[in-house]
Amino acid sequence: MPIAELSDARIHYTDTGGSRPAVLFLHAFPLDQEMWAAQMVATVGAGFRAIAMDARGFGGSSAHGGPALTMETIADDAAGVLRSLAVRSAAVCGLSMGGYAALAFAARHQEMLAALVLADTRAGADDAEGKKKREAFALAALEKGSPWVAGEMAPKLQKDPPDPAADRAIRALIAKAQPAAIAAASRGMALRADHRAGLEFIDVPALVLVGEADKLTPPAESEAMAAALPHATLVKIPGAAHLSNLEQPAAFDRALAAFLKQHLGEDTPPA
Ligand code: MLT
């Protein structure tokens, strides 16, 4: 299992290898890199290198020591994984929590950002009420465990009614997350920065994707991000809610491949 040994964490990643421009995938809460399996295959099929990683505490990465896993930590770990692979720059694709981390990456590692894909996410921070809910959720996850989290979250992440196969896969992904990681990430999301004012300075091509029926990060959030980013394309995915890559993989992959070919194609020097 490939591991990037960073100064204070062991980050599990998957890398399809090669010298083509790279795409780094950052997963949603409380899933892990397995959620990107179809996109990894599609990205390679479109002619690119695909890398995905588990945030600390999730999948095969080492546990996070502290009470809150911040989006900055995930972003710095992502930069660490790229450096460990000698990848100078990459397109960073994050969905929901992965999008929060991708925005932190854009703010902290601008020189490594070739393009940005923000899926089913938002640039704003939580309000006071939202932060309280995150803490209550963290405590409940610690007390009741990840099967409870799967039961709570799965319906909110998908269209109604969900696709049965996608629903099974999503519940299984959530149920294998460690309660401590769920709590730390919930607290970390509560602490995340408001990136709205920084969007206009993200001077790379951006793709903003959103499921038409996303209730957690509704299409209006994506419209606002796409309007504020200087070089953005907005794609709404019919028949999907929040986990648009798992609910409508073909439409997601088509939009992603078209964006990558247009912006990271032959003219972009390999990393
Ligand atoms: C996610 O899908 O990563 C989370 O639902 C995001 C959030 O709770 O803000």
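Residues numbered from 1 in each chain as written. Predicted model: local features only at pLDDT ≥ 70, side-chain atom pairs only at ≥ 80, totals over all residues. Heavy atoms only, no water.

Draft legend 1. Here's a closer look at the packing of helix α4 (residues 128-144) against helix α7 (residues 179-190). Between α4 and α7, the shortest axis-to-axis distance is 8 Å and the interhelical angle comes to 175 degrees. On the basis of the axis angle, α4 is roughly antiparallel to α7. Residues Lys131, Arg134, Glu135, Phe137, Ala138, Leu139, Ala141 and Leu142 of α4 form the contact with α7, whose participating residues are Pro179, Ala180, Ile182, Ala183, Ser186, Arg187, Met189 and Ala190. Looking at side-chain class alone, the contact of α4 with α7 contains eleven nonpolar, one polar and four charged residues. (Axes fitted to C-alpha atoms, helices over the stretch in contact; angles between N-to-C directions. Helix = DSSP H or I, 4+ residues; strand = E, 2+ residues; numbered from the N terminus. Parallel < 35°, antiparallel > 145°, perpendicular 65-115°, else oblique. Contact = heavy atoms within 4.5 Å. Nonpolar A, V, L, I, M, F, W, Y, C, P; charged D, E, K, R; others polar.)

Draft legend 2. Quick look at helix α2 (residues 71-84). Between the first and last C-alpha of α2 there are 20 Å, a value that for 14 residues agrees with the 20 Å anticipated at 1.5 Å per step. With ten of 14 residues buried, α2 lies mostly within the body of the structure. Listing the buried residues of α2 in full gives Met71, Thr73, Ile74, Ala75, Asp77, Ala78, Ala79, Gly80, Val81 and Leu82. Looking at the residues trailing α2, positive phi occurs at Ala86, about 60 degrees. (Expected span 1.5 Å × (residues − 1). Buried < 20%, exposed > 50% of the residue type's maximum accessible area, 1.4 Å probe, protein only.)

Draft legend 3. How the structure looks around the sheet that holds strand β7 (residues 206-211). Spatially, β1-β2-β4-β3-β5-β6-β7-β8 is the arrangement adopted by the eight strands of the open sheet, whose pairing is mixed. With one partner strand each, in any of the chains shown, β1 (3-5) and β8 (232-237) form the two edges of the open sheet. Taking the axes of each pair of neighbouring strands and ignoring which way they run, one obtains an average angle of 25 degrees across the sheet. Where β1 and strand β2 (residues 10-15) come together, three bridges link them in antiparallel fashion. Within the sheet, the bridge partner assigned to Ala4 lies in β2 and is Ile11. Lying on the sheet, helix α3 (residues 97-108) is in contact with β3 (22-26), β5 (90-95) and β6 (113-119); it crosses β5 at an angle near 145 degrees. (Pairing = 2+ DSSP bridges.)

Draft legend 4. Representation of the packing of helix α1 (residues 37-45) against helix α10 (residues 249-263). Taken N-terminus to C-terminus, the directions of α1 and α10 make an angle of 40 degrees; their axes are 10 Å apart at the nearest point. Our classification of the angle between α1 and α10 gives oblique. Pair α1 / α10 crosses with right-handed handedness. Listed contacts from α10 to Ala38, Gln39, Ala42 and Thr43 of α1 are Pro249, Phe252, Asp253, Leu256 and Leu260. Residues that form the contact of α1 with α10 fall into these classes: six nonpolar, two polar and one charged. (Left-handed = near helix turned anticlockwise from the far one by under 90°.)

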